[in-house]
Amino acid sequence: MLLNIVEDLFIKTPSVIVDLSEVRSFQSTATHRTVLIRIFGNNLYPLQQKDQGVINLQIILNHETFHHETSAYLWVVNRVLNSTESDRIRHLLGDQHVFDIDFDIEHLKELLAKDTRAAIRYATDINYARNKALRYAALNIDADWLILLDGNTFLTDEAYQLLMEELVKAENNQQYFYFIPMYRLYHQQTFLASKSRLDSLRDHISGLQEPYLAIHRNALRMFRRKGVDLFDTSAVYGARSKIFSLEMLSKFYPSHIGCHSAYHESSVRKITYPTQQGTLLGSHCSYVIRLLYWPTGFPSSVRSEYSFSTKLAILKAYLFGSDTFAENNNSVRSRIRKDSIQQLLTTIAQLNN
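Residues numbered from 1 in each chain as written. Predicted model: local features only at pLDDT ≥ 70, side-chain atom pairs only at ≥ 80, totals over all residues. Heavy atoms only, no water.

### Things to note about the nonpolar core
Soluble, globular proteins show a tendency: their nonpolar side chains are buried together. By size, the foremost hydrophobic cluster in this structure holds 84 residues, and its most contacted members are Ile37, Phe177, Tyr178 and Leu230. Per-element tally for this core: the top contributor is strand 6 (residues 177-185), with seven residues. Beyond its immediate sequence surroundings of up to four residues, Tyr178 is in contact with Trp145, Leu163, Glu166, Leu167, Ala170, Tyr212, Leu213, Ala214, Gly258, Cys259, His284 and Cys285. Within the second largest apolar cluster, 13 residues are counted, among which are Leu112, Ala119, Leu344 and Ile348. (Core = buried A, V, L, I, M, F, W, Y, C linked by side-chain atoms within 4.5 Å. Buried < 20%, exposed > 50% of the residue type's maximum accessible area, 1.4 Å probe, protein only. Helix = DSSP H or I, 4+ residues; strand = E, 2+ residues; numbered from the N terminus. Contact = heavy atoms within 4.5 Å.)

### Some remarks on a nonpolar patch on the surface
On the surface, a nonpolar cluster with roughly 600 Å² of combined accessible area is contributed by Phe308, Leu312, Leu315, Leu319 and Phe320. Mapped onto the elements, Phe320 comes out in helix 12 (residues 308-320). Judged by its relative accessible area of 66%, Phe320 is exposed. (Patch = residues over 30% accessible without salt bridge, like charges linked within 9 Å, V, L, I, M, F, W, Y side chains within 5 Å. Areas by Shrake-Rupley, 256 points an atom, 1.4 Å probe, with all protein chains shown as cover. Salt bridge = Lys/Arg side-chain N within 4 Å of Asp/Glu carboxyl O.)

### Quick notes on the pattern of salt bridges
Per the counting criterion, the structure on display carries 18 salt bridges. In this structure, Asp100 and Arg90 form a salt bridge, with 2.1 Å as the shortest nitrogen-oxygen distance. Here Arg90 lies in helix 2 (residues 83-93) and Asp100 lies in strand 3 (residues 98-100), a separation of 10 residues in the sequence. With a shortest N-O distance of 3.7 Å, Arg290 and Asp150 are connected by a salt bridge. Remark: Asp150 occurs in strand 4 (residues 143-150) and Arg290 occurs in strand 9 (residues 288-290); sequence separation between them is 140 residues. We classify Arg290 as buried; its relative accessible area is 8%. Salt bridges sharing partners connect three or more residues here, namely Arg33, Asp142, Asp144, Glu171 and Arg217.

### So, the side chain of Arg130
Position of Arg130 relative to the elements: it lies in helix 5 (residues 126-140). It turns out Arg130 is buried and unbridged, and the closest side chain with the opposite charge, Asp150, is 4.3 Å from it. Setting aside residues no more than four positions away along its own chain, Arg130 makes contact with Ile39, Leu148, Asp150, Phe231, Ser241 and Lys242. (Lys, Arg positive; Asp, Glu negative; His and termini not counted.)

### Section: helix 13 (residues 330-350)
Between its first and last C-alpha, helix 13 extends 30 Å over 21 residues, near the 30 Å set by a 1.5 Å rise per residue. Within the sequence span of helix 13, burial applies to Val332, Arg333, Ile336, Arg337, Asp339, Ser340, Ile341, Leu344, Leu345 and Ile348. The inward-facing, buried residues of helix 13 abut helix 3 (105-114), helix 4 (116-123), strand 6 and helix 12. (Expected span 1.5 Å × (residues − 1).)

### Re the packing of helix 1 (residues 52-63) against helix 2
The relative placement of two packed helices is expressed as an angle between their axes plus a distance between the axes. With their axes 9 Å apart at the nearest point, helix 1 and helix 2 run at an angle of 10 degrees to one another. With respect to each other, helix 1 and helix 2 are oriented roughly parallel. Listed contacts from helix 2 to Gly53, Val54, Leu57, Gln58 and Leu61 of helix 1 are Glu85, Arg88, Ile89, Leu92 and Leu93. Considering only residue class, the contact of helix 1 with helix 2 consists of six nonpolar, two polar and two charged. (Axes fitted to C-alpha atoms, helices over the stretch in contact; angles between N-to-C directions. Parallel < 35°, antiparallel > 145°, perpendicular 65-115°, else oblique. Nonpolar A, V, L, I, M, F, W, Y, C, P; charged D, E, K, R; others polar.)

### Examining the packing of helix 12 against helix 13
Closest axis-to-axis distance for the helix 12/helix 13 pair is 9 Å, and the angle between their directions is 165 degrees. When the axes of helix 12 and helix 13 are compared, the pair comes out roughly antiparallel. Relative to helix 13, helix 12 is oriented so that their crossing is left-handed. Across the interface between the two elements, Ser309, Thr310, Ala313, Ile314 and Ala317 of helix 12 pack against Val332, Arg335, Ile336 and Asp339 of helix 13. A breakdown of the residues in the contact of helix 12 with helix 13 according to their chemical character gives five nonpolar, two polar and two charged. (Left-handed = near helix turned anticlockwise from the far one by under 90°.)

### Examining the side chain of His216
By the element assignment, His216 lies in strand 7 (residues 205-216). Classification of His216 by relative accessible area gives buried; the value is 2%. There is a polar contact of 3.1 Å between the side chain of His216 and the backbone nitrogen of Asn218. Beyond its immediate stretch of four places on either side in the chain, His216 contacts Asp144, Trp145, Leu146, Glu171 and Tyr176. (Polar contact = N/O pair within 3.5 Å; in protein donor to acceptor, adjacent residues only side chain to side chain.)

### As for the environment of Leu44
By the element assignment, Leu44 lies in the loop between strand 1 (32-40) and helix 1. Put simply, Leu44 and Ile336 are 292 residues apart on the chain and 9.4 Å apart in space, counted from C-alpha to C-alpha. For Leu44, the residues in contact, after removing those within four places along its chain, are Tyr237, Ser340, Ile341 and Leu344.

### Focus on the pairing of strand 2 (residues 71-77)
The buried fraction of strand 2 amounts to seven of the seven residues, a majority that puts the element mostly inside the structure. Residues Ser71, Tyr73, Trp75 and Val77 point to one face of strand 2 and Ala72, Leu74 and Val76 to the other, with burial holding for every one of them. Pairing between strand 1 and strand 2: seven bridges, direction parallel. Bridge pairing in strand 2 links Val35 to Ala72. (Pairing = 2+ DSSP bridges.)

### A word on the confidence of the model for the chain
It should be kept in mind that the predicted coordinates are not to be read in detail where pLDDT is low. Per-residue pLDDT for the chain has a mean of 87; in total, 90% of the residues score no lower than 70. Strand 2 holds the highest mean pLDDT among the elements of the chain, 98, whereas helix 11 (residues 282-285) holds the lowest, 70. Contacts of residues 1-9 to residues separated by more than four positions or lying in other chains number 21 contacts, the stretch itself having pLDDT below 50. (pLDDT = per-residue confidence, 0-100.)

Structure (structure tokens):
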């Protein structure tokens, strides 16, 4: 049985409710219809393969079509501790537009000496990076819509064309936010290509997951004028950091959201197994494919490094769940994420050596 869990989401009322009625009065003279923003952060082992960011970036660069006539592309490097990893990302991107989130290793060390939680927050502050990336893109890239994605997301040609069409409809309907349906890839991703279609991927993807966000730049300007950030930096990574923002928009700006169902029908609003198939909203809302955390294959030996509570969660998933691969289970993934944060803390501590 699916159980709605809206009541469990504690949403703070924003200090300011932004009036978006004036957004429609702006006239667009933008060079690009959209800017696609991808953010690369620290790979969190054992949740993720240690070099998954680089490998997934290679897949994107090799197999995704880049529509430079209608879209700009911004690649964001968010406080990646592993200098080899960040250097490889920059090398792959070459002369493409890269934006670095401010990163002070000495400050990180000082935080570690005072408060480990503060150090972890600094190294994983994805909402800070989202706000900074949106602000930077709005100021430096001439585009109507800002599409905020993660570094391991893939847009097929079908998805891209649908998204461009849907953003036009959204704007005409005075909808200045757009929720983009997301599906996780759960099988080998070597078959994924720019020409892939959602219907053909049905057997390889999860049910509907938390959506990504597109925001019209004029709506973002209205928020900035009021001193309001879209993403709450008090929400830490792994604790619904993006969900609280989606819920806030859903609650206080419902008439201004396109493809609202991408959130309301997702697994974050229902207790369900992520592999349970449902309606493919991408058939009329566009979609994004989330690439694998372990793109070269998951070695079972990694499980020996899990905590006892994670191993217990895996046992429960096998006994009471429907997943043949326990790491696909949301509760198991949540436990592994906590293990990964502890591993990240060890990495930060080693910076002192």
